[in-house]
Amino acid sequence: MRKTWSMILALTMAVSLAGCSSGGNDTKETPSTATQETEGTVQTEASEESQEAEYVLNLGDVLAEDHPHSQSYYWFADRVKELTKGKVQVNVFVNSALGNQADLIEGLGLGTVQIAKSMTTGLSVYCPEIQVFDLPYMFTSTDQFFDVIDGEIGEYFANDVLGREDMVGIAYFYAGSRNIYSSKPIRSLADVKGMKLRVPESPIFMSLCESFGCSGTPMSVGELYTALQTGVVDGAENAPIFYFSQKHYEAAPYITMTEHIMTPDVVVMSKSYLESLPQEYQDAIRQAGKEMMQHERELWFSQEEDAVEKLKEEGVEVIEIDKTEFKNAAEKVWEDYTEIVGQDMIDQIQSLAR
């Protein structure tokens, strides 16, 4: 993969330089066309700002405009502009405007996207060991979670593990604890059996459903609302903020607080692309990424309780349960994935539990 990305980068830079010399324009637009066509909609990006910028970066995500992650991207774009004195411009595309999660990660290599966000499970296609973050009930608290991603383990995965595939993590996002929401109430493990739940396109999430006795149905975020409405799936699983912002409660008015997975999302760039930028711009992007992490957490925690209250106001039943039987069932997933993610890494993460 590294070789393929390097070849694509070299070709992209060659075309860009040729265009600059023939047009007399010093702006390095990567992969900047002034006009971006997405799903039949032409989005014009030409402006005085982009004309002044030396580098134009496209950032993509699948989440809704009002999600804390989406809001954080706009903050990040402003911060990068500030740190580079307008020489690096970040254009933000959310709500799946540039494709689904897999499209965005692939786009890093194709040069159509410069910054993308992925669940760790979405990166497991390239780095299977990163699934250690997806093991059910791995984290017992947010304190442990942040100790891991803010410390040496987080640095190791962001730079060393992703670096082997020509990627680099510039930020980790907190995404809450994932819970099951559905068209019928779930009060015990027995209630889940036989249900069809939408899950990310990931073997470990499929394995988790199997351990719960239900059927996992991989599906993109963009397809989920209609699938819930039409009964293609009986439910899904995610954090309350996601559940609320995507309005899935309209078709699935029950959420059961299983809190089965707490996993980070990773804001990723092509390593070779980032390193092709002048050092001062690399430093600015990395600094803005670090600062964005803290901004995102503040947004998340300020909105999380509010989201639960708003769900209740919309008539959603929020069901608290004893999670013991869910934890016991999920042990099978650990047995299946320990060899893949490594017992040593599991032990390191668990040693930070408080």
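Scroll up to find the structure.
Starting from 1, residues in each chain are numbered consecutively following that chain's sequence as written. Selection of residues for local features in this predicted model requires a pLDDT of at least 70, selection of side-chain atom pairs for listing and counting requires 80 or more, and totals for whole chains, interfaces and linings are taken over all residues. Computation of side-chain values: all heavy atoms of the structure, hydrogens and water removed.

### Some remarks on the sheet that holds strand 11 (residues 235–238)
Stage number 1. The strand order across the open sheet formed by six strands is 10-9-11-8-12-14, and the pairing between neighbours is mixed. In this open sheet, the two edge strands, each paired with only one partner strand, are strand 10 (215–218) and strand 14 (317–319). Going from strand to strand, the sheet's axes swing by 35° on average, the running direction of each strand aside.
Stage number 2. Paired strands, in this sense, are two strands between which DSSP finds at least two bridges. Secondary structure is summarised from DSSP: a helix means a run of H or I of at least four residues, a strand means a run of E of at least two, and numbering begins at the N terminus for each. Where strand 12 (residues 254–262) lies against strand 14, three bridges are found, and the strand directions are parallel. What sits directly across from Ile255, in strand 14, is Val318. A fitted line through C-alpha atoms represents every axis, and for helices the fit uses only the stretch in contact; the resulting angles, taken between N-to-C directions, go from 0 to 180 degrees.

### Focus on the pattern of salt bridges
Stage number 1. When a carboxyl oxygen of Asp or Glu is within 4 Å of a side-chain nitrogen of Lys or Arg, the pair counts as a salt bridge. The final tally for this structure, using the stated rule, is 13 salt bridges.
Stage number 2. Residues Asp61 and Lys117 are paired through a salt bridge, measuring 3.2 Å at the closest nitrogen-oxygen approach. Note that Asp61 is positioned in the loop between strand 4 (55–60) and helix 3 (68–83) and Lys117 in strand 6 (residues 115–119), a separation of 56 residues in sequence. A single burial state applies to Asp61 and to Lys117, both of which are buried.
Stage number 3. Salt-bridge contacts for Glu129 lead to Arg164; the nearest nitrogen and oxygen are separated by 2.3 Å. Here Arg164 lies in the loop between helix 7 (152–163) and strand 7 (167–173) and Glu129 lies in the loop between helix 5 (120–123) and helix 6 (142–149), a separation of 35 residues in the sequence. With a 1.4 Å probe rolled over the protein chains alone, any residue whose accessible area is under 20% of its type maximum counts as buried; one over 50% counts as exposed, and the rest are partly exposed.

### Description of the side chain of Ser72
Stage number 1. Looking at the element boundaries, Ser72 is found in helix 3.
Stage number 2. Residue classification places Ser72 among the buried residues on the basis of a relative accessible area of 0%.
Stage number 3. The contacts of Ser72, once residues within four sequence positions are left out, are Phe173, Met292, His295, Glu296 and Leu299. Should any heavy atoms of two residues lie within 4.5 Å, those residues are considered in contact.

### Description of unusual backbone geometry
Stage number 1. One non-glycine residue with positive phi stands out, namely Asp166, at about 60°.
Stage number 2. Of note, Glu259 is a non-glycine position whose phi angle comes to about 45°, a positive value.
Stage number 3. Residue placement: Glu259 occurs in strand 12.

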